[in-house]
Amino acid sequence: MRIVTAASPTGHPPRVRVTGTVRQVRANPQGPPALHAELGGGDDVVTVIWLGRNHIIGVEPGRVLTVEGTLSVQGGRKVMYNPRYELGVDPAASQDPCS
C-alpha cells in the first residue's frame, strides 16, 4: 500500500492519497447506510467509510483503489471518511479470455 501526504499551508489536516488493494467490503445492513472497505493488509490497513452508501460499483475485494481525503486514527486504526476515489485496473477484466 502506498500513502502520499500533501502539505497543508492553511493549518487544516493534510489531504492524504492512499493506493492499495481492497481486502474486504461490507455494508451496514442495520441503521444508516455506510459502506466500509479495507485497503492493504497486515499491519498496514486503512479503513475507508462512505456514509450514505451501501454499494459503489467497482469497489470490491481484489480491486486496486486510490482514495484521497483526511486520514484519522481511531482506536489505533487508520480511517478515512467519504474520500474521493479512483478505481484501478480490475485484474479479472484484464485477463485474456482466449488463453
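Residues numbered from 1 in each chain as written. Predicted model: local features only at pLDDT ≥ 70, side-chain atom pairs only at ≥ 80, totals over all residues. Heavy atoms only, no water.

**Examining the environment of Val64**
In step 1: Relative to the helices and strands, Val64 is located in strand 5 (residues 64–74).
In step 2: Along the chain, Val64 and Gly20 lie 44 residues apart, while their C-alpha atoms are 5.6 Å from each other.
In step 3: Once residues lying within four places of it in the same chain are set aside, the contact partners of Val64 are Thr19, Gly20, Thr21, Glu86, Leu87, Gly88 and Val89. (Helix = DSSP H or I, 4+ residues; strand = E, 2+ residues; numbered from the N terminus. Contact = heavy atoms within 4.5 Å.)

**Thoughts on the nonpolar core**
In step 1: Membership of the largest hydrophobic core comes to 14 residues, with the highest contact counts inside it found for Val18, Leu39, Val48, Trp50, Val59, Leu65 and Val67.
In step 2: Residue assignment for this core shows that the elements contributing at least two residues are strand 2 (15–27), strand 3 (34–41), strand 4 (44–51) and strand 5.
In step 3: When neighbours within four sequence positions are excluded, Trp50 is seen to be in contact with Pro33, Ala34, Leu35, Ala37, Ile56, Val59, Leu65, Val67, Asn82, Pro83 and Tyr85. (Core = buried A, V, L, I, M, F, W, Y, C linked by side-chain atoms within 4.5 Å. Buried < 20%, exposed > 50% of the residue type's maximum accessible area, 1.4 Å probe, protein only.)

**Section: the confidence of the model for the protein chain**
A low pLDDT means the predicted coordinates there should not be read in detail.
In step 1: The share of residues in the protein chain with pLDDT of 70 or more is 79%, and the mean pLDDT across the chain is 85.
In step 2: At the low end of the mean pLDDT range in the protein chain sits strand 1 (residues 2–5), at 62; at the high end sits strand 7 (residues 84–87), at 96. (pLDDT = per-residue confidence, 0-100.)

**Some thoughts on unusual backbone geometry**
In step 1: The backbone of Asn82 shows a phi angle near 45 degrees, a positive value even though the residue is not glycine.
In step 2: Residue placement: Asn82 occurs in the loop between strand 6 (77–81) and strand 7.

**Focus: the packing of aromatic side chains**
Within a pair of aromatic rings, the relevant descriptors are the distance that separates the centres and the angle that separates the planes.
In step 1: In the structure shown here, the tally under the stated rule is 1 aromatic pair.
In step 2: When the ring of Trp50 is compared with that of Tyr85, the centres are 5.6 Å apart and the planes differ by 75 degrees; the resulting orientation is edge-to-face. Here the residue Trp50 occupies a position in strand 4, and Tyr85 occupies one in strand 7, the gap between them amounting to 35 residues.
In step 3: Taking relative accessible area as the criterion, Tyr85 reaches 33% and is therefore assigned partly exposed. (Phe/Tyr/Trp six-rings, centres within 6.5 Å; stacked < 30°, edge-to-face > 60°.)

**Description of the pattern of salt bridges**
Note on pairing: side chains with opposite charge can pair once their charged atoms come close.
In step 1: Scanning the entire structure with this criterion turns up 4 salt bridges.
In step 2: Across the pair Glu68 and Arg15 runs a salt bridge, and its minimum N-O distance is 3.7 Å. Placement of the pair is Glu68 in strand 5 and Arg15 in strand 2, with a sequence separation of 53 residues.
In step 3: In this structure Arg15 comes out as partly exposed when scored by relative accessible area, which is 35%. (Salt bridge = Lys/Arg side-chain N within 4 Å of Asp/Glu carboxyl O.)

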